[in-house]
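# An overview of the molecular structure
So the chains spell out like this:
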Amino acid sequence: MKKRPSFQGLHLPEAPGLDPKIETAPLPKKVVLLMEQHPGGICEPVVSKGDQVKTGQVVGKSDRFDLADLHATVSGTVSDVTLQPDPRGNKVPAVIIESDDRDEWVELPEPDEHFAQLKAEEALNRLRHAGIVEIGNPAVPLHVKVVPPELPDTYLFLVGIPVLKKVHTLIINAVDSEPNVFIRRGLLRHHPDDLIKGIRVLRTMVGAEKVVLAVSETDQLSIDRLGPYAKAGFELFGASDKYPSGLEPILVKQVSGKEIPLPDGTSRDTGYLVQDVVTVMNAVEALRDHKPQVDKLITVFGSSLSRPKNLRVRIGTPVRDVLGSLSIKPDTLGKVIFGGPLLGYAQYTLDVPITKETYALTLQNEKGVHEFSPNACFNCGACVDVCPINLLPNELSRFCEFGRFEQAENGFLLHCIECGLCGYVCPAARPMVHFMRYGKSEIAARKVGV
Amino acid sequence: MTSRRLHVSMSPHVHGGVTVSRLMSQTMLALAPAAVVGIYYFGWGAVKNLVVAVLVAVAAEAAMQRIMKRRISVCDGHAALIGLLLALMFPPGLPWWGVALGAVVAIVLGKQIYGGLGNNPFNPAAVGWIVMSVAYPNYMALYYAPQAGGASFLQSPIIEQIPLTVVRGDLSELLSYPWWKLFIGYQAGGVGEVCIAALLLGGIYLIAKGVISWHAPVGAILSATVFTLLCNSINPEVFAGPSFHLLTGGLVFSAFFLVTDKGTTPVTRQGKLLAGVMVGALTILIRYWGGYPDGVFFAVLLTNAITPLLDRIRPAVYGRVKKVA
């Protein structure tokens, strides 16, 4: 294996003994379908109170191409259309469906076993109607990412897609984004055949010549399972097991040595396209079974769980119900985090539902909550030694703290990917990511002239 | 419907566990061997230095924070560390009031008036040492001849010049002195500076624990070696070689414990390396041609002064691409 470009990062401890099976969570009594399932915009609800809906029926829609459709994830009655808390702490409109426990599906076309030969335009259509959203920062609907380059420019103009860069390599990301999150590894081990088929379709769609399967170099099990597939344009790539190896900009750098132009660039700007395996799996379901995205694979870890659990849950399931199905008592919890321990969002209420963006649920007991009182930065440089973007977080955090946003911007604050490592290592316990986000929001506000 | 209150905070939700007080206590632990050797060779003089400097430094910090109406933060151990460093830098013969004065100067003028930990531009311990040696050069020359074991406690100390002063008069005397005696600390000098072996032990412990990086110490030692090697090869009659200059004075002490001080040195790897190189070169420069026998603490102070400049040398930021072709 050739030497891969290095990056700064940190080996973080993980729970031992991991090969979590994928379990299916019981059907929820009610689902809360937020109209904002990914950053970028809010769908319009197309059902109203009292309507009967079936699983897979469209409940939220938008005219915009870059917004994913939203489907009912259980069958039942729409009990309300109202504002509900979302995982980022805002309130957004939501359709609430009381389940009738029958899980009746809308009529789907026959499964298409030959989906691997689909034309690009038809595949795009199916993906668009499935409303799949990838896991990412920021999360983007899958169909926006994999728009085929051979589509006529007029079509692109009509649907409002910017001019596309050609993709020569498709990177399939099977490196989990955070420690103690196991969805990508878990899926890779249990469904390699389906995955490869899905990868083939995506590869045809974007016209990539090469596919790189990026797995963690220490994940021997996945390497063994995938070894037989690594031929004829498929390449197995052992990514570093340092955090944040699985984040898109860092993965592209490891595979190609190229850097995504930050802050606004995507991997497509470098000729590479990164797609995580969980989304590829969803794409397979959409292309073959015509199934819209109604469930989500998440890792639940922490609290009374001694090992991480991989759960397939319906989108819209309130956290309270997820915890209930695992018999975790809510009053033992100190912190409930959507996402992993380093990137996740802490929640103030257990009514927050699982969204298409959710990939993990991290639970902390009252004792396990990391409490801190921040001190002044004393320039120790611990953050500088771990920043994967090579920023000087010590300086940036002080600029943001004292309102010197212009200087922060000149110090490339907007390149920060908020991986959280600076906060993890800080001896002064400074809320580094908090400062970075604060600075970014202030810079954004100044740009629009508020 | 009220549920239990949940904690809400920004990510990350875990922490590596490294705290200021842990960094300080690890550094103090790394200094312990040097302190023990100092007590072994210099007896009561060393004990007095340690006790007075640490106690006064902590008290001065608490008093200063009280006066400035700030949170009392002596528990983080930084004041105690400054006291310990000073005790090890001072000669064992310095009277107790001199040690106390040095500690007060270090804490008040070196640290607190700038706003406390991390805001001071200069290394507090170096500030304390320099103020004392400029103000009281006679007392700061009271170095003891080493007396091993019980002798250092029982017999009255003999005042002796440090090798760096001796070498200014006559180079031939030092050539007959075995290098390993210098290495184990059998020489006159600051309480903790003399035993290079103990300092190396502590320094390697700190690097292994990740408290400091290797860049600054290696830079300092390497640049001093190259500099002395060069001068020594030009004129060995006048310029002593690297083995002498590395094993005497406070160079190794500073390389591991002052140039790696958290707040006053650069944060990037390149900057750390350059800071080390600068300290090493300046030290030798002052030793060969300067007015003081050992210039290492001046070198540290001067390097601290250009830290903001060295901090401008930074690694290329990811994604800094003008235009993608």
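Our subject is the structure that appears above.
These numbers were taken from a predicted model, which means no experiment stands behind them.

Rules and cut-offs
- Within each chain, residue numbers correspond to sequence positions counted from 1 in written order.
- Each chain gets a letter, beginning with A, and each ligand a number, beginning with 1, in the order they are written.
- The model is predicted, so local features are restricted to residues of pLDDT at least 70 and side-chain atom pairs to those at 80 or more, both for listing and for counting; the totals for chains, interfaces and linings are taken over all residues.
- As a convention, hydrogens and water are excluded, and side-chain values are obtained from all of the structure's heavy atoms.
- Starting at the N terminus, helices and strands are each numbered in turn, a helix being any DSSP run of H or I of at least four residues and a strand any DSSP run of E of at least two.
- When accessible area is computed with a 1.4 Å probe and restricted to protein chains, residues below 20% of their type maximum are described as buried, those above 50% as exposed, and intermediate ones as partly exposed.
- Polar contacts, as used here, are pairs of N or O atoms within 3.5 Å; protein pairs need one atom able to donate a hydrogen and one able to accept it. Residues neighboring in sequence count only if both atoms are side-chain atoms.
- Residue contacts follow a heavy-atom distance rule, with two residues in contact if any of their heavy atoms lie within 4.5 Å.
- Aromatic rings from Phe, Tyr and Trp, taking only the six-membered ring of Trp, are treated as a pair when their centres fall within 6.5 Å; an angle between ring planes under 30 degrees marks them as stacked, one over 60 as edge-to-face, and anything in between as tilted.
- A pocket, in this scheme, is an open set of points on a 1 Å grid over the protein atoms alone with protein on both sides within 12 Å along at least 5 of 7 lines, while a cavity is a set where a 1.4 Å probe fits but cannot get out; residues line either one if an atom lies within 4 Å of a point.
- Grid points are joined across faces, edges and corners, and a volume is the space filled by probe spheres set on the points.
- Three classes are used, and their members are as follows: Ala, Val, Leu, Ile, Met, Phe, Trp, Tyr, Cys and Pro are nonpolar, Asp, Glu, Lys and Arg are charged, and the others, Gly among them, are polar.

### What to know about the side chain of B:Gln187
All names here are of chain B. Considering the arrangement of structural elements, one finds Gln187 in the loop between α9 (179-183) and α10 (196-209). On the basis of relative accessibility, which here comes to 4%, the residue Gln187 falls in the buried class. From its side chain, Gln187 meets the backbone oxygen of Leu182 in a polar contact 3.4 Å long.

### What about the side chain of A:Ser62?
Residue and element names in this part refer to chain A. If you trace the backbone, Ser62 turns up in the loop between β5 (58-61) and β6 (70-71). Note on Ser62: relative accessible area 17%, which makes it buried. Residues in contact with Ser62, not counting those within four places in the same chain, are Cys43, Leu67 and Asp69.

### Here we look at the packing of aromatic side chains
Residue and element names in this part refer to chain B. Under the criterion given, the structure shown has 17 aromatic pairs over all chains. An angle of 80° between the planes, with centres 5.7 Å apart, marks the rings of Tyr41 and Tyr186 as edge-to-face. Within this pair, whereas Tyr41 is found in helix α1 (residues 20-42), its partner Tyr186 is found in the loop between α9 and α10, the two being separated by 145 residues in sequence. Taking the relative accessible area as the measure of exposure, Tyr41 reaches 7% and is therefore buried. The partly exposed category is assigned to Tyr186, whose relative accessible area is 28%. Centroid distance Phe227 to Tyr288: 6.3 Å. Interplanar angle 85°. Geometry classified as edge-to-face.

### Some points on the layout of surface pockets
Considering only enclosed or pocket space, the second largest pocket measures out at about 680 Å³ in volume. Lining the second largest pocket are 31 residues, and of these A:Ala382, A:Asp385, B:Gly210, B:Val211 and B:Lys262 lie nearest its centre. Contributing elements (two or more residues each) for the lining of the second largest pocket: α10 (382-386) and α13 (421-425) of chain A together with α1, α11 (215-234) and α14 (269-289) of chain B. Residue classes in the lining of the second largest pocket are distributed as 15 nonpolar, 9 polar and 7 charged.

From the geometry alone we can't say anything about function, so treat these as descriptive.
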